[in-house]
Structures are given as structure tokens and as C-alpha cells.
Amino acid sequence: MDVRKVLHMNEGDQEYSYAQHSRFTQRLTAATKPILEAAIASLFPEAVLFGPLKLINAADLGCSAGPNTYSVISSIKRVVKKRCHELSLQVPEIQIYLNDLPRNDFSSLFRNLPATTSQQGRDFHLVDAKEEAAEGEEVTCFIMGTPGSFHRRLFPARCLHFVHSSYGIQWLSKVPAGLTSKEGFPINTGKMCISETSPPIVKQAYLEQFQEDFTHFLRSRSSEVLPKGLMILILQGRESGSIEFCYPWEMLARALSALISQGLIEQEKLDSFDVPYYNSTTEEVQLAVANEGSFEIQHMEILKLQGDDPDIEDIWVRGEKHSKNLRCFTEPLLSHHFGGEIMDQFYDTLTAFIVDRYSIQPTITTISIVAILKRKIY
């Protein structure tokens, strides 16, 4: 599997698109908004170390194409303006790079950007009508698309003041090596990621791939982020000692096994499929940051949110909604390997499994790691 060519969210605004069903990440964005805005504000007055602030460069890595990116842009713009006014500084122009893999739906991302175009027709001025009316000033914000893998360099040296990445780092650059025997047979049979029953060698292979990828991510950003620049990283994780290594992939594997029992797909198709995804612990993140050495952790916390929609009481409606939320980001990988013709039946089966789980576990809790990293001065 070439992850760069296959990994993306469901595109457009259709029924199963990411834009329509990214409710969880929207709630996550709302929950982490105070942390994001406090991090941006902390760039001032230290920002004078960067030199005269005529331009602030920021990047949203793994932005996808939903409403969450627009919220991040709005927060950056609003906090920069507010802090500059408080410190009697000139409000700089802002340039924000939106990054994701090339298959990302950049067309929808820019088509739905809540913006007006300047007279020159080249830049986007993000306008909050009530805010601008209240403050009587518009902040110029240039938006640029930057397709490519964030596991490598994306930007010129020492150009970024601020980096944001939410729910991208748990995606690996490739399926880990070492998931087959010397004879070439799959060793994580019946699964598509780490599970409670996976052999220790599978868990080790995923951990090593995460460590390698996260190190490449940090090393690439160390060249691009200015000294004392900040990164806020939000990734799906797990608590230390937890066996919930890769939710929701365990449940998806069970649904696929049900289709195998019905003769709709072959067992070998499941056994040969592994997803490039790893839920890390805070200790694993801390170790990678310390070993790479370019950043110091200013803040780290675990955030627990209900993974499904807490406002829906009917378990079948809630299960169907949760299944659609999972479909919007898992379907491209699954349809590439198993074929698009079984996807409707597969996600109907998944809905039934989710509802059954509610009888045992009424809520689904998702663990997120939130970390603020500061670039060291050297």
C-alpha cells in the first residue's frame, strides 16, 4: 500500500463525506480551542525575538477538508489581532499553509473557505462580520495549499512561527515492516491493526514505525520552525497500559469477519490487510521528543471525549451516526483493498456491531493527547 496515494478522507459534500460527518473532530476542535488560543497568545511579547513582526507564518498539517481547519484559521487571526492590540503592536499580515497528502480534497477545502477575495484577486481576507464591525479592522490572511507528507520537509528553513496538527500524527507513513513470517505469511491474522490478541512482534513493529515517523516529523519541523516558535499537536492516543491500541480498527475487523462468514470476501483479504495507524501513549510521545532533541514540551495532557454523539438517545440512530463518522475516514483505505461494491453492506454490519457494543458499553470514550512544543534556541 502506497499510503501517500491511498490515504485521504471521503471527498466532497456527499452523504458519507468527511465534511458532513466530522462531528467528533469538530467537538475535539472546540474542546482544544482554549489551549490553541493560549498557545498563539504566548507568542507575544516574545515574538519580538523574531524581529519586526510584519508577517506571521503558520501551518495546519494534516488539515483534511472539513470545518475544523476554518476554525483554526479563525482562531489564529482573532488571537493575533487581539494580542497586538493589547500590546500596542502593529497587526501583522498572516500567511497560513494548509497541508495534507496530495489525495486530500483541496478543491472542496478552498471552495468552501469562508472568505472574500481582495481587489487584486490573489489573497483571501477571512472576515467575521460581527468581529470586524466591532473592531473596525480587517486582518489580511493569505491562505496557501501545501500538498505533501509532513514526515518530510515542506517549508523553507526557519520560516514558521506556529504549527498546528490535529489527528494526523497517528497516521503512519507506511504499514510497519515485520508483519509477515519468514515464509511470507501474515502473522496478525484476522486483524487489521494491533489488538489484545496480536503477537508481541506486531505491537513492537507498530511502535517502531511510530517512533521512526514521529522522529522524521520532528526533525523536519525543527528545520522549519523559528527558535521559540510553537507547535500544538493533537493525536489520538491511549492511556498507559491500555489494551485499546487501535480503536476503531478492532471493531471494523469484526465486521469484516462477519462478511467473510457470509462468503462475501475471502479470509486472505483480511489477513493481508494492515492499516498504517498507531495510538501512542504520552510516554512514547515524550520519549520521541526527548530523543530528537529540537523541541521542549511546554504542556501535555490527556483529553477524554465521547467518541459518538452524546446528544442522541436512540442507540440505533446513534450507532448509525457513529458508523457514518467512521466511514468518512476509513472507507478510502478499505474500498481500495476490499472493493467498493461491499462498502454499503459492510458499514450496515458495522452499525449492528456498534449497537451491540452499546448494550455492554453505553458510551465510547476516545483518548486524545494534546501537546505544546517549543522550538529550542540553537
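Residues numbered from 1 in each chain as written. Predicted model: local features only at pLDDT ≥ 70, side-chain atom pairs only at ≥ 80, totals over all residues. Heavy atoms only, no water.

Chemist: Help me out: how do you make sense of the overall build of the chain in this one?
Modeler: Each helix and strand in the chain was counted, giving 11 helices and 9 strands. Looking at the chain residue by residue over its 378 residues, the buried ones come to 57%. Expressed as a percentage of contacts within the chain between residues at least 6 apart in sequence, the contacts between residues at least 24 apart total 81%. (Helix = DSSP H or I, 4+ residues; strand = E, 2+ residues; numbered from the N terminus. Buried < 20%, exposed > 50% of the residue type's maximum accessible area, 1.4 Å probe, protein only. Contact = heavy atoms within 4.5 Å.)

Chemist: Sorry, what's going on with the nonpolar core here?
Modeler: A general tendency of soluble globular proteins is for nonpolar side chains to be buried together. Counting 74 residues, the largest nonpolar core has Met192, Phe214, Phe217, Met231, Trp249, Leu334 and Phe338 as its most contacted members. Here this core takes 9 residues from helix α7 (residues 249-261), the largest share from any one element. Setting aside chain neighbours within four positions, we find Trp249 in contact with Trp171, Met192, Cys193, Val275, Tyr277, Phe329, Thr330 and Leu333. Counting residues in each nonpolar core, the second largest holds 40 residues, with Ile56, Cys84, Ile94 and Leu230 among its members. (Core = buried A, V, L, I, M, F, W, Y, C linked by side-chain atoms within 4.5 Å.)

Chemist: When you look at the packing of helix α2 (residues 23-41) against helix α3 (residues 67-86) in this model, what are you seeing that I'm missing?
Modeler: Two elements in contact, α2 and α3, have axes separated by 10 Å at closest approach and are oriented at 25°. By the angle between their axes, α2 is roughly parallel relative to α3. For the crossing formed where α2 meets α3, the hand is right-handed. Between α2 and α3, the contacting residues are Thr25, Gln26, Thr29, Lys33, Leu36, Glu37, Ile40 and Ala41 on the first element and Pro67, Asn68, Ser71, Val72, Ser75, Ile76, Arg78, Val79, Val80 and Arg83 on the second. Looking at the contact of α2 with α3 residue by residue, the class counts come to 8 nonpolar, 6 polar and 4 charged. (Axes fitted to C-alpha atoms, helices over the stretch in contact; angles between N-to-C directions. Parallel < 35°, antiparallel > 145°, perpendicular 65-115°, else oblique. Left-handed = near helix turned anticlockwise from the far one by under 90°. Nonpolar A, V, L, I, M, F, W, Y, C, P; charged D, E, K, R; others polar.)

Chemist: Would you mind going over the packing of aromatic side chains with me for this structure?
Modeler: Two descriptors summarise a pair of aromatic rings, namely the distance from one centre to the other and the angle between the planes of the rings. A complete count under the given rule lists 12 aromatic pairs for this structure. Where Trp171 meets Phe329, the ring centres are 6.4 Å apart and the plane angle is 80°; that geometry is what we call edge-to-face. With Trp171 in the loop between β6 (160-166) and α6 (200-224) and Phe329 in helix α10 (residues 315-338), the pair connects residues that are 158 residues apart, well separated along the chain. On the accessibility criterion, Trp171 (8% relative accessible area) is buried. Ring centres of Trp249 and Phe329 lie 6.4 Å apart, and the angle between their planes is 90°; this geometry places the pair in the edge-to-face category. With Trp249 in helix α7 and Phe329 in helix α10, this residue pair connects regions lying 80 residues apart in the sequence. Just as Trp249 is buried, Phe329 falls in that class too. The ring of Phe217 has Arg221 sitting right over it, with the charged end atom 5.1 Å from the ring centre. (Phe/Tyr/Trp six-rings, centres within 6.5 Å; stacked < 30°, edge-to-face > 60°. Lys NZ or Arg CZ within 6 Å of the ring centre and 35° of its normal.)

Chemist: Please clarify how the sheet that holds strand β5 (residues 141-147) should be interpreted in this entry.
Modeler: Two orientations exist for strands paired in a sheet by backbone hydrogen bonds: parallel and antiparallel. Strand order in the open sheet formed by 7 strands is β5-β2-β1-β6-β7-β9-β8, with mixed pairing between adjacent strands. Each having just a single partner strand, β5 and β8 (295-306) make up the two edges of the open sheet. Looking at each pair of strands side by side, their axes are set apart by 15° on average, direction ignored. Helix-sheet contacts for α3 involve β1 (55-61), β2 (93-100), β5 and β6, and the interaxial angle to β2 is about 160°. (Pairing = 2+ DSSP bridges.)

Chemist: Even after reading the chapter, I still don't get the side chain of Ser280, so can you show me in this structure?
Modeler: Mapped onto the fold, Ser280 is located in the loop between α8 (267-271) and α9 (282-292). Leave out the neighbours within four places in its chain, and Ser280 touches Phe210, Leu235, Gln236, Gly237, Arg238, Val285 and Ile369.

Chemist: Please explain the packing of α7 against helix α11 (residues 343-360) as it appears in this structure.
Modeler: When two helices pack together, their arrangement is given by the angle between the helix axes and the distance between those axes. Running from N to C, α7 and α11 point in directions that differ by 120°, and their axes come no closer than 9 Å. The angle between α7 and α11 places the two elements in the oblique class. Once α7 is placed against α11, the crossing between them reads as right-handed. Taking contact as the criterion, the partners of Met251, Leu252, Arg254, Ala255, Leu256, Ala258 and Leu259 in α7 are, on α11, Gln345, Phe346, Thr349, Leu350, Phe353, Ile354 and Arg357. Looking at side-chain class alone, the contact of α7 with α11 contains 10 nonpolar, 2 polar and 2 charged residues.

Chemist: Hey, could you run me through the pattern of salt bridges in this one?
Modeler: Where side chains of opposite charge bring their charged atoms close, a pairing between them can arise. The final tally for this structure, using the stated rule, is 10 salt bridges. Glu37 is paired through a salt bridge with Arg78; the nearest N and O atoms lie 2.2 Å apart. Of the two residues, Glu37 sits in helix α2 while Arg78 sits in helix α3, which places them 41 residues apart along the sequence. The salt bridge involving Glu284 is made with Arg238; its shortest N-O contact spans 3.6 Å. Placement of Glu284 in helix α9 and of Arg238 in the loop between β7 (225-236) and α7 is noted, with a sequence separation of 46 residues between them. (Salt bridge = Lys/Arg side-chain N within 4 Å of Asp/Glu carboxyl O.)

Chemist: What exactly am I supposed to notice about the environment of Thr351 here?
Modeler: Along the chain, Thr351 falls in helix α11. Accessibility expressed as a relative area gives 8% for Thr351, which makes it buried. Separated by 27 residues in sequence, Thr351 and Lys324 place their C-alpha atoms 8.6 Å apart. In this structure Thr351 touches Trp316, Gly319, Glu320 and Ser323, once residues within four positions along its chain are discounted. Of note is the side chain of Thr351, whose polar atom sits 3.1 Å from the side chain of Ser323. (Polar contact = N/O pair within 3.5 Å; in protein donor to acceptor, adjacent residues only side chain to side chain.)

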